[in-house]
Every structure is written in C-alpha cells, then in structure tokens.
Amino acid sequence: MNNITLITMLSIGLIGCSTSPLERHEKLVEKQFEQREDRVDEVIDNIPDWYVQVPQPTGAGFYAAGTSTGRLLKTSVMKSTLDAEFALAKQYKQLVSGNERSFVRESGEGDNAQLQSEAQQVVDKLVKEVDLSGYKVIDKLIQKEGVTYRSYVLLYMPYDANNLVKMARKTTRIAAQEAYDELDRRIIDSDSRVNDSY
C-alpha cells in the first residue's frame, strides 16, 4: 500500500510539473490583461452622465466638466476643478494660456500590441482675459480607481449682469488698447516718413 501511495504522489507531482514556465507566464500575462480590461470597464461604467454629455448652455448660463486622478484626495479634486475651470474659460474666450501635448506609439499587432504613451497638459492659471468669479459647483463625484482617487466636477457659470458687465469692460479695454497701439504705430510710421524726406 505504501508503494501505491508513493506512485500516486509521484504521478500528481509530475502532472503538476507538466506546465512549463512559458505556459505559466503566458497564463499570468493573460490574467493581468483581463484584470486591466475589467478595471477599464469599471471606470467607464462609473463615469457620470453629465461628464460624458455636458449639459447644454441655457439662457441663464453654461456648464463645464472636469476630471482627474491623484493619490491624494485633495490633489484629485484640485486637478479636476482646474480642468473644469479651464473648460469654462475656453467657452468664455479662447485667449486662455494652455498647452497640451500627446505622444502615442503602438508596436505589434492585435492583442499583442504594446502601447506606449505620454501626455502632458499645462494650464496657466494666470489668465488675465477671463474672470471666472461667480461659478458654482453643481456636482462632484469621487471614486476609488485602483490605488488612486478619481474625481469629477461639474461647474456652472451664470450669465448674470455682473459677469456680463465684467466681460463688456474687458472687451472695451482690449479694443481701446488695440486702438491706442494702432495710433502709436501710425505716429511712428509718420515720424519715420518725415525723417526719411530730409
């Protein structure tokens, strides 16, 4: 009976060893890919509708949404609010200082394709042309995404009289500055023509 037990244990051990290291690695890679795919599906399923389809402007104001992630909750919320503020500013005027760069490289074919990407977004908050005071936070959603926080923010900017007056003043100030610059240019051109005639 001891021989039968020994033979059975050896058989089980040999069957367990029949999986090669390559096969185990391939199964591990496949499992990791499926887990990443599941996480992406979960993120997509949890995106708020108002982020995917930002509400249309009304006669009283307009909306903008932002999102971001961060290891700290505060950082995630701050970055998503900045993203939404940038979206508001872009709707007011396109004179906002900002820079976005993206690089994507894909090698391989089909499911074996390897994707490398790098993205940068820089938004300069020292924007003089757009006054965003008076916006309201309509909704905020914070979710766990792996080991980070993902936050979504929906902002609303009313077209109240105060904001319209501020916009009109800035537009008038910009138009006046352009007129003064044009006058200065004409005076300099006139002076150079007079000096050339002597």
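Residues numbered from 1 in each chain as written. Predicted model: local features only at pLDDT ≥ 70, side-chain atom pairs only at ≥ 80, totals over all residues. Heavy atoms only, no water.

A. Here's a closer look at the nonpolar core. Listed in full, the ten residues of the largest apolar core are Phe62, Ala64, Ala84, Ala87, Leu88, Ala89, Leu132, Val153, Leu155 and Met157. Elements with a minimum of two residues in this core: strand 1 (61-70), helix 4 (73-92) and strand 5 (148-158). Counting residues per element, this core draws most heavily on helix 4, at four residues. Counting residues in hydrophobic clusters, the runner-up holds six residues, among them Tyr63, Ala65, Leu154 and Tyr156. (Core = buried A, V, L, I, M, F, W, Y, C linked by side-chain atoms within 4.5 Å. Buried < 20%, exposed > 50% of the residue type's maximum accessible area, 1.4 Å probe, protein only. Helix = DSSP H or I, 4+ residues; strand = E, 2+ residues; numbered from the N terminus.)

B. Examining the side chain of Ser76 more closely. Within the secondary structure, Ser76 sits in helix 4. A distance of 3.3 Å separates a polar side-chain atom of Ser76 from the backbone oxygen of Ser68. (Polar contact = N/O pair within 3.5 Å; in protein donor to acceptor, adjacent residues only side chain to side chain.)

C. The pairing of strand 4 (residues 136-145), seen in detail. Where strand 4 meets strand 5, nine bridges bridge the pair, whose relative direction is antiparallel. Bridging from a neighbouring strand, Gln143 pairs with Arg150 of strand 5. Where strand 4 folds back onto strand 5 in an antiparallel hairpin, the turn is made up of two residues, including Gly146, whose phi is positive at roughly 65°. (Pairing = 2+ DSSP bridges.)

Structural measurements only, silent on function.
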